[in-house]
Structures are given as structure tokens and as C-alpha cells.
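A structural walkthrough
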Amino acid sequence: MTKPVFQVNRNKNILLLVIIGVVSILIRLLMEYNFDRSALLYVGIPFLIAFTLLFIERPEPPHNWKRRYVNIIILSLVIMLGSSIILFEGFLCVVMFMPIYFFIIFLMFLLEAFKRYRNSKNQGTNYVHLLPVLILLSAFEGVIPEFSFEREYEVVSEKIISANIDDIKQQLKQPIELDKSRHWLLTLFPMPYNIDAETLVAGDVHTINFRYHRWFVTNTHEGSMKLEISEVEDNYIRTRFIEDTSYISNYLKLYGTEINLEAIDNNKTKVTLRIKYHRFLDPVWYFGPLQEYAVGKSAQFLLDEVITPKHLGNDT
């Protein structure tokens, strides 16, 4: 005798709550032992969730793989959002986690589906069994130094500005207007609400204040960056971050910037902006390109909106 549908759904809901609780405890343990920046969180947790859901959502005749996959995606979304609420995670962490989370879920579903297909054709599955092992091993990236990759980055952005070096330096002393259009990826991250930066003298310290509402309007985190003007020459400006308590410090460590000003003629200057930082999050194949792209877009924003004299707009 088959179980009533409501009883099956009730059992699944209870199991789902158990999974959310277990996942929340595992993530809390990773945070407690400083492994929450490693691939144990960003690869290992999705791997375990996918493995569990594939066991729960068994294929039923007639086998409908599309419906099964949609069910797994819905259940995995519920688990992710449920655990993030329990752990008081902000929307930024959820947004950054979602692409890699669903990629691992999709990859595990694809491997399991391929294994079933091979079995139905009476073909060997040795290589298929190997892939989940490789995924699981990759989850240990960042746990020990031997399982880590390069973390030091330098992003370089250039722009030719129709102004001389003195005009550009004068622009750097002006109050920064914060209400500017940004790349779509940057709009996910809160802009500073106040910047104390109206000087360009070596030794001065500028303060950049951030306010991040983790839940859009509440659960607010206040923080700031302190940026020291380390060196100022005729055609070169170097800064370094001496303190960072902003939300950005959870993802990467900013070292500082270098601005090179190369006069092309009396009214044109080639500006080269370098930003150096240290990547905290693993795996490298996801967070490496993602952070490099975001920092590159930030560098372009600084060139267009902070370094370029206002009367020139964004013309090069």
C-alpha cells in the first residue's frame, strides 16, 4: 500500500527542516574554526546538499528528469535561504554564494543522471564515479597552505584624459560625488555614505565610511576604511590602506593604489591606476576571476568619476 501524498510531503518537509538545521550547524562550525572562507563552505556544503537531495528525490516511473531537477533546485534554494536566515547572513553573501552553489548542485545532478544513463546502456561508469571524488577533494582548497593557490592580485586600468597633470591633481582634491552610475555588479555593493578626502599631501589619512544593511533596511553593519596618502610626486601618487573595518574586509584585503600620470601633450594625460589586494575566499576558479573583474570595474569607476575632471565627463 502506498503512503498518502500528504504523509509523503510531511515527511519530506520534516527532513528538509533537519537538513537546514544540519547545514546551519556545519556552517557555524566552519565559522568557529575559521574555515568559512575556504572551499569547504563554497564547494563542500553544496556537494553534501546535492548528494542528500539526489538521495531524497529518487526518480520515479515514468522518469521525468526535468521535473526532478526543478524539484532539487527548489529544495536546494529553500535550504540555502533557510540556513542563511538562521545564520543572519546578509544579501551580499547570498548573492555571491548562489552561482557557485547552484553550479555544484547542477554538476552533481548531471553526473548522477549520466551515471544512470550509462548503467541503462550497460556501459562502464568508472570515470563517472571519479568526478564526485575530485569535487569533494577540491572542497579542501584553502584548508591548509598546501591546498591553496595564489592570493596576491594587481589590477591595472588605464585612461587617456583630456586634461593636464595639474588639473587631474586638483580634481583629486575635490569632494567626491557618490550618486553616480555604476556597473551592474558594483550596484550590488553599497557605496560609502561619507568620504573625508579633500587633501593630497603625503602623510594625510582619508576616512571612507560604509553602512551596509545586511537585510536591505535592517541588520546594519557600520565600518570604515582609512586610506593614507603615502607618496605624492609630480607624476605619481601612492596610497595604502592602514585600516579596514568595512564589509569589504570580509572578502579581500586591499593593500593600496598607485596612480601614474604620463603627460602626452599639454592637454592630454595617460592615467594608469593600479589596485593591489589579497584574496581571502576559495575556490580560486570562482572567486579569483569574480573579484578581479569587480576590482577592475571599480578601478574604471574611479578613473571615470573620481580622477577625470568633472567638466570633461567620461570622454577619453
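Our subject in this report is the structure included herewith. (Residues numbered from 1 in each chain as written. Predicted model: local features only at pLDDT ≥ 70, side-chain atom pairs only at ≥ 80, totals over all residues. Heavy atoms only, no water.)

1. Some thoughts on the layout of surface pockets
Where we set the bar: The pocket and cavity definitions rest on a 1 Å grid over protein atoms only: a 1.4 Å probe that fits but cannot leave marks a cavity, an open set with protein on both sides within 12 Å along at least five of seven lines marks a pocket, and residues lining either have an atom within 4 Å of a point. Grid points are joined across faces, edges and corners, and a volume is the space filled by probe spheres set on the points. Segments assigned H or I by DSSP are reported as helices when at least four residues long, segments assigned E as strands when at least two residues long, and all are numbered from the N terminus. Residues are grouped as follows: Ala, Val, Leu, Ile, Met, Phe, Trp, Tyr, Cys and Pro are nonpolar; Asp, Glu, Lys and Arg are charged; all remaining types, including Gly, are polar.
Here the largest pocket is characterised by a volume of approximately 1,200 Å³. At the level of secondary structure, the elements contributing two or more residues to the lining of the largest pocket comprise helix 4 (91-120), strand 3 (205-213), strand 4 (220-233), strand 5 (236-244), strand 6 (252-265), strand 7 (268-279) and helix 7 (284-307). Here the lining of the largest pocket is composed, by residue class, of 40 nonpolar, 6 polar and 2 charged.

2. Focus: a negative patch on the surface
Applicable threshold: By definition, no residue in a patch forms a salt bridge, and every one has over 30% relative accessible area; like charges are joined within 9 Å, nonpolar side chains (Val, Leu, Ile, Met, Phe, Trp, Tyr) within 5 Å. All accessible areas in this document rest on Shrake-Rupley with a 1.4 Å probe, and a residue is counted as covered only by the protein chains that are shown. Salt bridge, as used here: a side-chain nitrogen of Lys or Arg that lies within 4 Å of a carboxyl oxygen of Asp or Glu. The charge count includes Lys and Arg as positive and Asp and Glu as negative, but it does not include His or the ends of the chains. Charge placement uses NZ in Lys and CZ in Arg. For Asp and Glu, CG and CD serve respectively. Each residue is placed in one exposure class: buried if its accessible area under a 1.4 Å probe, protein chains only, is under 20% of its type's maximum, exposed if it is over 50%, and partly exposed if it falls in between.
A cluster of acidic residues, Asp-166, Asp-167, Glu-233 and Asp-234, forms a negative patch at the surface. Within the secondary structure, Asp-234 sits in the loop between strand 4 and strand 5. Judged by its relative accessible area of 65%, Asp-234 is exposed.

3. Describing empty space enclosed by the protein
Per the stated rule, a full pass over the model turns up 1 cavity of 30 Å³ or more. One number sums up the size of the largest cavity: a volume of about 30 Å³. If you trace the largest cavity, you find it lined by Gln-171, Leu-172, Gln-174, Pro-175, Ile-176, Glu-305 and Val-306. Mapped onto the lining of the largest cavity, the elements with two or more residues apiece are helix 6 (165-172) and helix 7.

4. A few points about the sheet that holds strand 2 (residues 194-196)
Heads up, the condition is: A pair of strands is considered paired only if DSSP assigns at least 2 bridges between the two. Axis definition: a line fit to C-alpha positions, over the contact stretch in the case of helices; interaxial angles, taken between N-to-C directions, run 0 to 180 degrees. In what follows, residue pairs with any heavy atoms lying within 4.5 Å of each other are defined as contacts.
The antiparallel open sheet is built from 7 strands, whose spatial order is 1-7-6-5-4-3-2. Two strands close off the open sheet at either side, each with one partner strand: strand 1 (152-161) and strand 2. Across the sheet, the axes of successive neighbouring strands diverge by a mean angle of 20 degrees, strand direction being ignored. Contacts from helix 6 reach strand 1, strand 4, strand 5, strand 6 and strand 7 within the one sheet, and its direction differs from that of strand 6 by about 150 degrees. This element, helix 7, spans strand 1, strand 6 and strand 7 of the sheet and lies at about 145 degrees to strand 7.

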